[in-house]
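Descriptive analysis of the structure
This is what each chain is made of:
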Amino acid sequence: MFSDRGIYRAISTVITATLAGANYGYALVWALLFSVIATIILQGMTARLGIISQRGLAENIVATMPNKYFKWAASGLILSAVVIGNGAYQGGNIAGASLGLEGLFGKLGTDVSLWPWVIGLVAFGLLITGSYRLIESALIALVLVMSTAFVVTAVLVGVDIGQLWSGLTTLASA
């Protein structure tokens, strides 16, 4: 129902989005709209390719390489992208979740916060169960909590709808 990649991107970009909003206001909202549309199109294309070929995107990329050297290079690039990309997303996830939990419940630990360890252990516990339904339920719950937090924050902050619309329809001048 929900994409797990969506939750990774959402949590890991909260700090970046906050800084962009503080520095540029509504001027970059058009970029958000563009990125959502581009993501929908690209993921749709990837899904159709996978359905038709019965292979994943990485397998399709490697299959199009003309010789074994390009295949090895493409495989290395794909593996690097997956490992580094997942590491970066998970680092952002844990940092964002830790900041949120620290804001709600205070620091856990003395000099160094223990929230990252708690989050990591909970995530590991969910994954080790191997239960797709349990993982899906946990991700849906997290997406609903985050969505509610974003809507409540928008209401409390008092989003200016006129400026929001202007940011959606006007490219940034900077």
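Below: a short report on this structure.

Criteria and thresholds
- Residues numbered from 1 in each chain as written.
- Predicted model: local features only at pLDDT ≥ 70, side-chain atom pairs only at ≥ 80, totals over all residues.
- Heavy atoms only, no water.
- Helix = DSSP H or I, 4+ residues; strand = E, 2+ residues; numbered from the N terminus.
- Expected span 1.5 Å × (residues − 1).
- Buried < 20%, exposed > 50% of the residue type's maximum accessible area, 1.4 Å probe, protein only.
- Polar contact = N/O pair within 3.5 Å; in protein donor to acceptor, adjacent residues only side chain to side chain.
- Axes fitted to C-alpha atoms, helices over the stretch in contact; angles between N-to-C directions.
- Parallel < 35°, antiparallel > 145°, perpendicular 65-115°, else oblique.
- Left-handed = near helix turned anticlockwise from the far one by under 90°.
- Contact = heavy atoms within 4.5 Å.
- Nonpolar A, V, L, I, M, F, W, Y, C, P; charged D, E, K, R; others polar.
- Phe/Tyr/Trp six-rings, centres within 6.5 Å; stacked < 30°, edge-to-face > 60°.
- Patch = residues over 30% accessible without salt bridge, like charges linked within 9 Å, V, L, I, M, F, W, Y side chains within 5 Å.
- Areas by Shrake-Rupley, 256 points an atom, 1.4 Å probe, with all protein chains shown as cover.
- Salt bridge = Lys/Arg side-chain N within 4 Å of Asp/Glu carboxyl O.

Here we look at helix 3 (residues 29–53)
Look at helix 3: 36 Å from first C-alpha to last across 25 residues, which is about the 36 Å you get at 1.5 Å a residue. Looking one or two places after helix 3, you find Q54, whose phi comes out positive at around 60°.

Digging into the side chain of N93
Its place among the elements puts N93 in helix 5 (residues 68–105). Taking the relative accessible area as the measure of exposure, N93 reaches 7% and is therefore buried. A distance of 3.2 Å separates polar atoms of two side chains, one belonging to N93 and the other to Q90.

A look at unusual backbone geometry
We note that Q54 has phi near 60°; this positive angle belongs to a residue other than glycine. By the element assignment, Q54 lies in the loop between helix 3 and helix 4 (57–63).

Concerning the packing of helix 3 against helix 8 (residues 161–169)
It is at 6 Å that the axes of helix 3 and helix 8 come closest, and there the two elements cross at 60°. Classified by the interaxial angle, the pair formed by helix 3 and helix 8 is oblique. Here helix 3 and helix 8 pass one another in a crossing that is right-handed. Here V29, W30 and L33 of helix 3 come into contact with helix 8, specifically with L164, G167 and L168. Class assignment for the residues of the contact of helix 3 with helix 8 results in five nonpolar, one polar and no charged.

A look at the packing of aromatic side chains
A complete count under the given rule lists one aromatic pair for this structure. Residues F105 and W115 carry aromatic rings whose centres are separated by 6.1 Å and whose planes lie at 40° to one another, so their mutual orientation is tilted. Separated by ten residues along the polypeptide, F105 in helix 5 and W115 in helix 6 (residues 115–129) bring together distant segments of the chain. Judged by its relative accessible area of 59%, F105 is exposed.

Quick word on a nonpolar patch on the surface
Judged by side-chain polarity, L33, I37, I41, L42 and M45 come together as a nonpolar surface patch covering roughly 460 Å² of accessible area. Tracing the backbone shows I37 in helix 3.

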